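Observations on chain architecture
Here's the letter readout for the chains.
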Amino acid sequence: MAQTPKKPARSRSGTLQAMGRNRIRLGLCAMLVLLLIIAGKLFLIQGLDAGGLAQAAEKQRTVVQTLPAVRGKIVDSEGRVLAESIVRYNITVSPVNNTDADTYQHWNATTQKWDEVARDDGLRQLSGALGLPFDAVKKAATGTGNFAYITKNVSPAVEAKVMALGVPGIYSEAVSRRVYPMGAVGGNIVGFLGQDGTPLAGLELTLNDKLKGTPGSRTFQAGANGIIIPTAPVETVPPVDGQTVKLTINQDIQYYAQQAAEQQKKHYTAQWATIVVVEAKTGKLVALADTSPVDPNDPGKSAAADRGARSVSAVVEPGSTDKIITASAVMDKGLMTPLSHVLVPPEYTVDGQTFTDAFPHGTEQRTLAGIIGESLNTGTVMSGQKLTPQERYDYFRKFGVGQKTGIPLPGESPGIFATPDQWDGRQQYTILFGQGVAQTPLQTAMVYQTIANGGVRLKPRLVDSYTSADGTVDTPRQEPGIKVISPQAAQQDRDMLESVATMGDAPDVKIPGYRVGGKTGTAEAPAEGGLSGYTSSFIGMAPMDDPRYVVAITVQRPQGLIYGVTQGYTFNDVMGQVLRTFDVPPSTTPPVKLPQFYK
Amino acid sequence: MSQAARRPANLPATAVAGSNALAPVSAPDHFPDHASGPAPRRRTPLAVVPAPARRGKTPVVVFLFGLLVLALAAVLVINVSVSQGQYELVALKAHQDDLAKSNQDLEQKLGAATAPQNLVERAKGLGMVPATSMGQINADTGTVSGNPQPAKAGTEGLAVIPPAAIDTPAEMAPSNVDAAAAAAGNDVSDNAAATREAVRDTAAKEAARKIPARKIPAAPAAVTPDLHGGSIPAPSQKAS
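Residues numbered from 1 in each chain as written. Chains lettered and ligands numbered in written order. Predicted model: local features only at pLDDT ≥ 70, side-chain atom pairs only at ≥ 80, totals over all residues.

1. Some thoughts on the overall build of chain B
Looking only at helices and strands, chain B features five helices and two strands. Its helices and strands in sequence order give chain B the pattern α-α-α-β-β-α-α, from N to C terminus. Each of the 240 residues in chain B was classed as buried or not, and the buried ones make up 10%. (Helix = DSSP H or I, 4+ residues; strand = E, 2+ residues; numbered from the N terminus. Buried ≥ 20, exposed ≤ 12 C-beta atoms within 10 Å, placed from the backbone.)

What follows is the structure in C-alpha cells.
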C-alpha cells in the first residue's frame, strides 16, 4: 500500500520531469529560432544591405535648402546705385479665415488689454496702413478661397505695420525685388527684369552672368515633424552674391543729357533724340541719353520701341558729320591740307552725277576748311574723289563704320555700309558726305573720339569695373586703340572743326572760356518706301587745346524748316555741364580761325 | 628599503620598512655566550606595530556621488547654455535681419533723395533756378574769364524727367509689365496669373483711374482663305 502509490508517483514525477525538460527544450528551441531569425535579419540589414537602408533613411531625413544669391548692384561711375535687389513683401490673405472672423481680439499695448475689433475696423486699419481703398481691400479679403493677394511689393516698414495689426487671415511673404532708384535716368542702359526675375533688357540682360551670382545650399537632417536634428551634421554651401557692376556713366551728366534730349525732341516735335557723351582719351561713355526713357521700375509704361538704347540700335544716315572722314582721309594721304584750294562751282557734275549744296552759291574759292566750315557737298565730292573707292571704304571702315563697337548693350547694330563693289554710280560719291551709309549715333560719336584722341579710335566702354562679393575689383583693361589717321591729320581735323564754330556755319556753338569745335549734320531719314523727314545732328568736342570730351546730339525727324533746326545751343548746354562737372580747366590758347576762302 | 637606505646613517633603522617603530638596538652584550660561536639566526624581536590610521568610507562615497551630481549638473548647464545660445542666436539673427531691412529702407530713401529728378524738384521748391552762364576765376592771375551773369528768377529748366516709380504700385491691376514680360516670351507664373484674376475686379476701377488702360488693338482677323497652294480661292462647295 505504501509502495503502490509510490510507484505511480515516482513515474509521474518522472513524466513531469520529462515534460518539464521537453518544455524547456521546446522553449529554448523557440527562443533559439527566434534569435536566429533576429540574427538573420540583423545580418541581412547590417551585413548585406547596410548601405542602402542607411542611405534611404538618411535621404528621408535630409533636407536641402537653397540659399539664394543676391543679384549684384549696378552703380554709376560715382558709386550711386542704379539698380539693386531689396526685400519686399507681398501681403496675402486667406479670405475664408478673414471672412469668418466677424470680430477678433487684438492686444492693445497702451491699455495692456485685449481689444475686441470688428472685422471692418480691422480691414479699415489695414487699408490705411497699405494706402489702398477700403473697398478694394475688403473685396480681396472676402470669399471662401484660401489664398489671395491684397497687394504686392510693400516695404518692410509697411509689412511690419500690417503684421502688427493682427488682422486674422492676413499674412505676408518675403520676395526679392529689383529696384532702380534713379528710375528713368539711365533706364535704357540699365535695362530691367521680368516679373519672374528673367533679365529682359539692357545691361541686366547682357551682364546677367556677372550679376546673378551662384546660389548656395544648406543640407541638414530633420525628423518627420520637421524639427532639425541638432546632432546631425549641417552642411552649408554659402551663396556667392552677384558682382557689383560699376558703369562709366555719370548719373548727373546722364540726367542732364536726357533732359536736353527731351527738350530738343519737344522743341522740334521730333520723333526721338539721343545724346552721347564720350571721354575722348579713354573711350568711356559718360552718358547715353534717350528720349521717352524707360523707367525700369515700370517698363510696361513705355512703348516697346522706347525700351532700348537708340544710340546703339538706331541706324541713321549721318550726313555731313561724315565729311570729316573724307577730309581726314585726303589729309592723312597727304593729298590736301586744310588750306588747299578748291574752286567750288554752284553745282558739280562727275560721272554724270550732279551734286548741289544746301544753299545756293556762286563759284567760290574755298579752302578745304571752308568746305567743311560751310558743309559743301560739292567741295567734299571734289576733294574726296582724289581717293579710290577702295580707299574711301578703307578709311570709313577704319573709323568704325559698318562694325559693331562691342558695347555690352543688347540690339547693337553694325550700321549699313556696303562694300565698294556694291556701290552704284552715285553712292561712291554720296558716301563722301555721309549719305548712302547708315551709322548708329554711337558709331558717329566714336569717329569724333578718334579725331579728338590724336587719330586713335578706342573701343567705347560702358563698364568701368566689376566688384565681386568678396570685395575684389576686376577692372577690364582698355584695349589698345586702332590708329586710323596720323596725329598731324587729327590736329588738322581739329583745327577745321574749331573753324566751323569760329568761322563757319555753326557760330552759335560757343562755351565761354573754352575753345570748342564740331560739325553739323543733316541727312534725309530713310523710311518705308523712301525718305521722309531729316536727321539733324551736331557732334563737337572741347576744349580744343586738348580735347577731353565729345558730345554727339542726334535728332530724328525734327519738324519745321530744316535749316532753322540747330543743335548748337543744346551742345553748349550739355558740353558746358560736362566741362563744369569734371572741372576741366578753361582754354588758355587763342582759338584757331582757318580762312574759309583763298584769294 | 630605499627609504631606509636614504636615512642618515646615524639614525636608528626602523623595524620594518615604512614603519616608524624603531628597531630594537642590537645588544651583543646580552648574549655574550654566542659571541664567539657562528652567527646564530636571530628572530626579529616583537614590537608593537601601530595600525594605520583608518579612514572612513563615507567621504569617498560622498565624493563620488558629488562628482556624479556635478557631472550631471555640468551637462545640464552646458545643455541649457547651448540652447540658450541657440535662442540668442535666433534672436540676433532676427535682429540682424531687421537691421538689414531697415538699412535697405534707409539706403533706398537716400537713393531716392539723391536721384537727380527729386533734387531738381526740391531745388525748384526752394526757388532755385538754373544758371544760364558761367565764368572761370583764374586764381593765379586773379582774372575772370567767360561771361558770368547772375541767374534770373523765372528761368525755366530743361524738360522734366519723372522720378522713379518705386513703392507706388499698390494696385493689383494686370500690370503692363506682365504684358511686356509675356511679349518677351516669358511665361507669367500661374500664381501671378491666378492672383491677377482674383484681384482684377477689385482693382480694375482703380487701375482705370490711375493708368489709362493701354488699348491693344486686336489682331485683324485672318481673311486670307486657304488657297491650297494655288493663287486664287477655290469655288465654295455646295453643302450636301
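Picking up where we left off.
2. Some words on unusual backbone geometry
Residues and elements named next belong to chain A. That bond from Ala 542 to Pro 543 is cis: its omega, -15 degrees, falls within 30 degrees of zero. Looking at the element boundaries, Pro 543 is found in the loop between strand 22 (530-542) and strand 23 (549-556). Residues other than glycine seldom take positive phi values, yet Asn 153 does so here, at roughly 60 degrees. Structurally, Asn 153 can be placed in strand 6 (residues 148-154). Residue classification places Asn 153 among the partly exposed positions, given that 19 C-beta atoms sit within 10 Å.

3. Observations concerning the packing of helix 4 (residues 119-130) of chain A against helix 5 (residues 134-141) of chain A
All names here are of chain A. Interhelical geometry of helix 4 versus helix 5 gives an angle of 120 degrees and a closest axis separation of 9 Å. Looking at the two axes, helix 4 sits oblique to helix 5. For the element pair helix 4 and helix 5, the recorded crossing hand is right-handed. Listed contacts from helix 5 to Leu 123, Arg 124, Leu 126, Ser 127 and Leu 130 of helix 4 are Phe 134, Val 137, Lys 138 and Ala 141. Here the residues of the contact of helix 4 with helix 5 are counted per class, giving six nonpolar, one polar and two charged. (Axes fitted to C-alpha atoms, helices over the stretch in contact; angles between N-to-C directions. Parallel < 35°, antiparallel > 145°, perpendicular 65-115°, else oblique. Left-handed = near helix turned anticlockwise from the far one by under 90°. Contact = placed C-beta atoms within 7 Å. Nonpolar A, V, L, I, M, F, W, Y, C, P; charged D, E, K, R; others polar.)

4. Structural notes on the environment of Thr 198 of chain A
Residue and element names in this part refer to chain A. With respect to the secondary-structure elements, Thr 198 resides in the loop between helix 7 (187-190) and helix 8 (202-206). Overall, the presence of 15 C-beta atoms within 10 Å leaves Thr 198 in the partly exposed class. Once the C-alpha coordinates of Thr 198 and Thr 467 are considered, the two residues, 269 residues apart in sequence, prove to be 22 Å apart.

5. Quick word on the sheet that holds strand 9 (residues 235-237) of chain A
Residues and elements named next belong to chain A. In spatial order, the strands read 1-8-9; together these three strands make up an open sheet with antiparallel pairing. In this open sheet, the two strands that pair with only one neighbour each are strand 1 (62-67) and strand 9. Across this sheet, the average inter-strand angle for adjacent strands is 15 degrees, counted without regard to direction. (Pairing = 2+ DSSP bridges.)

6. Some thoughts on the packing of helix 10 (residues 251-267) of chain A against helix 19 (residues 568-581) of chain A
Residues and elements named next belong to chain A. Running from N to C, helix 10 and helix 19 cross one another at 170 degrees; their axes reach a closest spacing of 10 Å. The angle between helix 10 and helix 19 falls in the class roughly antiparallel. Judged by residue contacts, Asp 252, Ile 253, Tyr 256, Ala 257, Ala 260 and Gln 264 of helix 10 engage Thr 570, Asp 573, Val 574, Gln 577, Val 578 and Thr 581 from helix 19. By residue class, the composition of the contact of helix 10 with helix 19 is six nonpolar, four polar and two charged.

7. Description of the confidence of the model for chain B
Residue and element names in this part refer to chain B. Per-residue pLDDT for chain B has a mean of 67; in total, 52% of the residues score no lower than 70. Per-element confidence in chain B is highest for helix 2 (residues 58-114), whose mean pLDDT is 89, and lowest for helix 4 (residues 176-183), whose mean pLDDT is 38. Taken together, the stretch residues 1-9 has pLDDT below 50 and engages in six contacts with residues farther than four places along the chain or on a different chain. Below a pLDDT of 50 lies the segment residues 169-224, which in the model reaches 62 contacts outside its immediate sequence neighbourhood of four places, other chains included. (pLDDT = per-residue confidence, 0-100.)

8. Some thoughts on the domain arrangement of chain A
Each assigned domain of chain A is listed here: domain 1 (86-109 + 118-181) and domain 2 (309-457 + 476-570). Placing a centre on the C-alpha atoms of domain 1 of chain A and another on those of domain 2 of chain A gives a separation of 61 Å. (Domains from an automatic or database assignment.)

9. A few points about helix 3 (residues 116-125) of chain B
The set of residues buried in helix 3 of chain B consists of Pro 116, Gln 117 and Val 120 of chain B. Across the axial projection of helix 3 of chain B, the buried residues extend over an arc of 105 degrees, all falling on one side. In helix 3 of chain B, the exposed positions that point more than 90 degrees away from the buried face belong to Glu 121, Arg 122 and Gly 125 of chain B. Contacts from the buried residues of helix 3 of chain B go to helix 10 of chain A. (Arc of directions from axis to C-beta.)

10. Considering helix 5 of chain A
Every buried residue of helix 5 of chain A is accounted for by Ala 136, Val 137, Ala 140 and Ala 141 of chain A. An end-on view of helix 5 of chain A places all buried positions within 125 degrees of arc, on one side of the element.

11. Side note on the confidence of the model for chain A
Of all residues in chain A, 96% attain a pLDDT of 70 or more, and the chain-wide mean is 88. Taken as a whole, residues 1-5 of chain A scores under 50 in pLDDT and shows zero contacts with residues more than four places along the chain or in a different chain.

12. Quick notes on the nonpolar core
Residue and element names in this part refer to chain A. Counting 122 residues, the largest nonpolar core has Ile 275, Val 277, Val 550 and Val 551 as the members making the most contacts within it. Examining the composition of this core, we find that seven residues originate from one element, helix 17 (residues 441-452), more than from any other. Each of domain 1 (86-109 + 118-181) and domain 2 (309-457 + 476-570) contributes no fewer than three residues to this core. Setting aside anything within four residues of it in sequence, one finds Val 551 in contact with Ile 275, Val 277, Gly 540, Phe 571, Val 574, Met 575 and Val 578. Core analysis: the next-biggest nonpolar cluster, separate from the first, contains 18 residues, Val 93, Leu 132, Ala 136 and Ala 148 among them. (Core = buried A, V, L, I, M, F, W, Y, C linked by C-beta atoms within 7 Å.)

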